Amino acid sequence: MVQKTPYIWFDGNLVPWDEAQVHVLTHALHYGVGVFEGIRAYNCGDCSAVFRLPEHVRRFFDSARILRMTIPHSEQTITDAIVDTLKANNMKEGYIRPLSFFGAGAMGVLPKDNPVQTIIATWPWGAYLGEDALEKGIRVCTSSFTRHHVNVMMTKSKAVGNYVNSVLAKMEAVDDGYDEALMLDTNGYVSEASGANIFIVRRGIIKTTPLTSILEGITRDSLMVVAKAMGYTVVEQQFTRDELYVADEAFFCGTAAELTPIREVDRRQIGTGEFPISRALQKEFFKVVQGQDPAYEGWLHRYSC
């Protein structure tokens, strides 16, 4: 269950959690047209910081533009509202969920003049797949569900409806005894997880899938920058699941997943079962988001509760 916090920002106002409600005929409930972001704030000791807030807000507005949805607030308003909501909820760290969607009005596929409504919710959320997952890695299976084709859904938009695909893949994986689903693209190459990007390590080279058909992950970009600064070679290149099977290491990454090692795929152990490069990257990543590496201060939007 999501842990309740006192307030949710709703169309310009902070309202009590239980009063942030919509009508049952809200367009997005029926047709899935909405966009959202997943963002994290981290406790940095003497203050807190939202990680790469401008990039997340920019992607939020880009997602809306792709869906021909006009968010009736400026990027600065949303940025300020995110920080205001964290402060109102006295949150030194936690998860942040902005969401814009077509509200109630015309009841047909075409939203016509339906209002675009926006909420920002914040709540405590630890490791997405559990603290053990960060330490021991997770078990993954290749999903029977394929990732969206670029001309079927808008894969560069973090659109609500896109995630039906993810929900089905995740349910299937968990029902079959795994922690997460690995999804292939429509050409059969490795794409991403149900809600995270993927990296593999082979012969000392870190490889990740190109942006051809995946969401442009902000954590993915951050890890590429950090890995290169640490001296690793990082390439964007398509790879197959059998190349994943013989990788030395593999890991998922994302705002929710952070950096989660993969210890097994389709009942095959990845490498030796150790994750030295993944662990080194994970350690540096947490230093970055917690404000312990001044080289990445520009990625932190600091605030105090």
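Before any of the text, the structure's been laid out above.
Bear in mind the structure is a predicted one, so any value in this text is a computation, not a measurement.

**Student:** Help me understand the packing of aromatic side chains in this model?
**Tutor:** Describing an aromatic ring pair means giving the distance of the ring centres and the angle of the ring planes. Following the criterion strictly, the structure yields ten aromatic pairs and no others. For the ring pair Phe51 and Trp299, a centre distance of 5.8 Å and an interplane angle of 85° mean the geometry is edge-to-face. Separated by 248 residues along the polypeptide, Phe51 in strand 5 (residues 48–51) and Trp299 in the loop between helix 8 (276–289) and strand 17 (300–303) bring together distant segments of the chain. Assigned by exposure class, Phe51 and Trp299 land together as buried. Aromatic pair Phe285 and Phe286: ring centres 5.7 Å apart, planes at 70°, arrangement edge-to-face. For the pair formed by Phe285 and Phe286, the shared burial category is buried.

**Student:** I'm lost on the packing of helix 6 (residues 218–229) against helix 8 in this one. Help?
**Tutor:** Two numbers describe a pair of packed helices, the interaxial angle and the distance between the axes. Relative to each other, helix 6 and helix 8 sit at 110°, their axes nearing to 10 Å. As the angle between them shows, helix 6 and helix 8 are arranged roughly perpendicular. Taking contact as the criterion, the partners of Thr219, Leu223, Val226 and Ala227 in helix 6 are, on helix 8, Leu281, Glu284, Phe285 and Val288. Counted by class, the contact of helix 6 with helix 8 contains six nonpolar, one polar and one charged residues.

Cut-offs applied
Residues numbered from 1 in each chain as written. Predicted model: local features only at pLDDT ≥ 70, side-chain atom pairs only at ≥ 80, totals over all residues. Heavy atoms only, no water. Phe/Tyr/Trp six-rings, centres within 6.5 Å; stacked < 30°, edge-to-face > 60°. Helix = DSSP H or I, 4+ residues; strand = E, 2+ residues; numbered from the N terminus. Buried < 20%, exposed > 50% of the residue type's maximum accessible area, 1.4 Å probe, protein only. Axes fitted to C-alpha atoms, helices over the stretch in contact; angles between N-to-C directions. Parallel < 35°, antiparallel > 145°, perpendicular 65-115°, else oblique. Contact = heavy atoms within 4.5 Å. Nonpolar A, V, L, I, M, F, W, Y, C, P; charged D, E, K, R; others polar.

By themselves, these are just geometric observations and shouldn't be taken as functional.
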